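Spelled out from the first residue to the last, the chains are:
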Amino acid sequence: MIKEIIQLLPEKQRKRGIWVAFSVLLRAILDFAGVAALIPILLVVAKQDGGRGMMLALCGAVLLFVLLKNALVAFLARVQSRYQLEIYREFSRRMFANYYHRGLLFLKGKSSVQLGHEVNYVCYMFSSCVLAPVFCMAGEAVLVLLMVTALIVWEPLAGFLLCASFLPLTSLYVGLVRKRLRRYGVEELEARRKQSRTVVEAYRGYAELEIARAFHTSLASFDQGMEFIVHNRLRMEVYQLFPSFLSEVAVVAGLALLIGTGSGDLGLVSGVFAVAAFRLIPAVRAVLNSWVTLQNASHTITAVSYTHLTLP
């Protein structure tokens, strides 16, 4: 899928994408540094090194670092968002022009509602529900890798137990829901197309519907389609809640394994483990939720690639 996405990007945007990828990597490193900055405070408090004034000074220094780090992260996030919106604008314009240049026979043979939906909504979904999740997954995955590696280097047992608690649950979740998410995405796309068609046809055929007193049939079709869309959205929200549950269960399980099998300064190791888990839970949740969004919107890749032609 990543290869397909890269091939769709124009040469200019591919080159810019390298810099955006670098900004994603830099954000992950900064987030890791923000978590790592908490460790000295934990060590000083745990070992009672220095007086209260030294502890407060250390907290002040870490606070200043965190503020500067977050300002830079916000700037990098804006760079990424601007890139995604430029892709949306370029792809939407290209699709609009391509459909127009295919001529009258093509336009007459297609539903104008469907074409308008693809030009506007599908291209936006490609940007916000395909590109954005890919960047998010990459950044958060790098952050998770950095944190787990650092934990393994500092305390191998804690790092390995963390991996042992996260990986099985994550693999099970991915294996169970992948095909369902793709199917739900395609089904929702078709349902929204039908909804748009129902509305347009009702407005265009107002006179006929009034004469035949048949608006109730259009309304029934609209209600049926809306019921399906709402049901599909509820299913998706349930799947998006699972990553939060899984990550929290994995952290508790890892902490229990650490207490049951650990040795040495268990209080300090558990404290560092908890600090790592504090950032790992949202990171893993973001990776899985982005993966859910990507799988659900993967059909947009096909729609965009269909018009990946050079403009005449």
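Predicted, not measured: the structure shown is a model, and the values here were computed from it.

Observations regarding the overall build of the protein chain
For step 1, the next point in the chain: For the protein chain, the count of helices and strands is 11 helices and 0 strands.
For step 2, the next point in the chain: Starting at the N terminus and ending at the C terminus, the protein chain contains elements arranged as α-α-α-α-α-α-α-α-α-α-α.
For step 3, the next point in the chain: What you see for the protein chain is a C-alpha radius of gyration of 25 Å, clearly larger than the 20 Å of a compact globule of 312 residues, by over 25%.
For step 4, the next point in the chain: A principal-axis box enclosing the C-alpha atoms of the protein chain has dimensions of 85 × 40 × 35 Å.
For step 5, the next point in the chain: Split into buried and exposed, the 312 residues of the protein chain put 40% on the buried side.
For step 6, the next point in the chain: In the protein chain, of all internal contacts separated by at least 6 residues, the share reaching a separation of at least 24 is 85%.
For step 7, the next point in the chain: About 17600 Å² of surface is accessible on the protein chain, with carbon and sulfur atoms providing 67% of the total.
For step 8, the next point in the chain: Of note, the protein chain has its 32 positive side-chain charges centred 6 Å away from the centre of its 20 negative side-chain charges.

Digging into a nonpolar patch on the surface
For step 1, the next point in the chain: Side chains of Trp19, Phe22, Leu25 and Ile29 sit close together on the surface and give an oily, nonpolar patch of about 460 Å² of accessible area.
For step 2, the next point in the chain: By the element assignment, leucine 25 lies in helix 2 (residues 11-36).

What about unusual backbone geometry?
For step 1, the next point in the chain: Of note, arginine 213 is a non-glycine position whose phi angle comes to about 50°, a positive value.
For step 2, the next point in the chain: Mapped onto the elements, arginine 213 comes out in the loop between helix 8 (206-212) and helix 9 (215-261).
For step 3, the next point in the chain: Classification of arginine 213 by relative accessible area gives exposed; the value is 71%.

Quick notes on the nonpolar core
Side chains of a nonpolar character, in soluble globular proteins, are inclined to be buried together.
For step 1, the next point in the chain: Grouped together as the largest cluster of nonpolar side chains are 30 residues, with contacts concentrated most on Tyr173 and Leu181.
For step 2, the next point in the chain: For this core, the secondary-structure elements that each account for two or more residues are helix 2, helix 6 (112-154), helix 7 (156-204), helix 9 and helix 10 (266-296).
For step 3, the next point in the chain: Other than its neighbours up to four places away in sequence, leucine 181 contacts Met236, Tyr239, Trp291, Val292, Gln295 and Asn296.

Here's the deal with the packing of helix 6 against helix 7
For step 1, the next point in the chain: Contact pair helix 6 / helix 7: the axes reach a minimum separation of 13 Å and the direction vectors enclose 175°. Relative to helix 7, helix 6 is oriented roughly antiparallel.
For step 2, the next point in the chain: Of the residues in the contact of helix 6 with helix 7, the class split is 15 nonpolar, 5 polar and 5 charged.

With respect to the pattern of salt bridges
For step 1, the next point in the chain: Inspection of the entire model under this criterion finds 7 salt bridges.
For step 2, the next point in the chain: Among the salt bridges present, the one from glutamate 11 reaches arginine 14, with a minimum N-O distance of 3.9 Å. Of the two residues, glutamate 11 and arginine 14 are both situated in helix 2; the distance of 3 residues between them amounts to about one turn of the helix.
For step 3, the next point in the chain: Among the residues examined, arginine 14 registers a relative accessible area of 32% and is labelled partly exposed.
For step 4, the next point in the chain: Residue aspartate 31 pairs with lysine 69 through a salt bridge whose shortest N-O separation is 3.6 Å. In this pair, aspartate 31 is assigned in helix 2 and lysine 69 in helix 4 (residues 52-101), connecting sequence segments 38 residues apart. Residues aspartate 31 and lysine 69 agree in their burial class; the two are buried.
For step 5, the next point in the chain: Salt bridges here are not isolated pairs; linked through shared partners, they connect Arg183, Glu187 and Arg235.

Some remarks on the environment of valine 20
For step 1, the next point in the chain: By the element assignment, valine 20 lies in helix 2.
For step 2, the next point in the chain: Relative accessible area serves as the criterion here: at 1%, valine 20 is assigned to the buried category.
For step 3, the next point in the chain: Note: C-alpha distance between valine 20 and isoleucine 39 (19 residues apart in sequence) is 30 Å.
For step 4, the next point in the chain: Excluding residues that lie within four positions of it along the chain, valine 20 makes contacts with Gln80, Tyr83 and Phe135.

A look at the packing of helix 4 against helix 6
For step 1, the next point in the chain: Where helix 4 meets helix 6, the axes come as close as 9 Å, and the angle between the chain directions of the two elements is 150°. It follows from the interaxial angle that helix 4 and helix 6 lie roughly antiparallel. When you trace helix 4 past helix 6, the crossing you get is right-handed. Every residue of helix 6 that contacts helix 4 at Gln80, Tyr83, Gln84, Leu85, Ile87, Tyr88, Phe91, Ser92, Met95, Phe96 and Tyr99 is listed here: Leu115, Glu118, Val119, Asn120, Cys123, Tyr124, Phe126, Ser127, Leu131, Ala132 and Phe135.
For step 2, the next point in the chain: Taken together, the residues of the contact of helix 4 with helix 6 sort by class into 16 nonpolar, 5 polar and 1 charged.

What counts, and where the lines are drawn
- Residues numbered from 1 in each chain as written.
- Predicted model: local features only at pLDDT ≥ 70, side-chain atom pairs only at ≥ 80, totals over all residues.
- Heavy atoms only, no water.
- Helix = DSSP H or I, 4+ residues; strand = E, 2+ residues; numbered from the N terminus.
- Rg over C-alpha atoms; globule rule 2.2 N^0.38 Å.
- Buried < 20%, exposed > 50% of the residue type's maximum accessible area, 1.4 Å probe, protein only.
- Contact = heavy atoms within 4.5 Å.
- Areas by Shrake-Rupley, 256 points an atom, 1.4 Å probe, with all protein chains shown as cover.
- Lys, Arg positive; Asp, Glu negative; His and termini not counted.
- Charge placed at Lys NZ, Arg CZ, Asp CG, Glu CD.
- Patch = residues over 30% accessible without salt bridge, like charges linked within 9 Å, V, L, I, M, F, W, Y side chains within 5 Å.
- Salt bridge = Lys/Arg side-chain N within 4 Å of Asp/Glu carboxyl O.
- Core = buried A, V, L, I, M, F, W, Y, C linked by side-chain atoms within 4.5 Å.
- Axes fitted to C-alpha atoms, helices over the stretch in contact; angles between N-to-C directions.
- Parallel < 35°, antiparallel > 145°, perpendicular 65-115°, else oblique.
- Nonpolar A, V, L, I, M, F, W, Y, C, P; charged D, E, K, R; others polar.
- Left-handed = near helix turned anticlockwise from the far one by under 90°.

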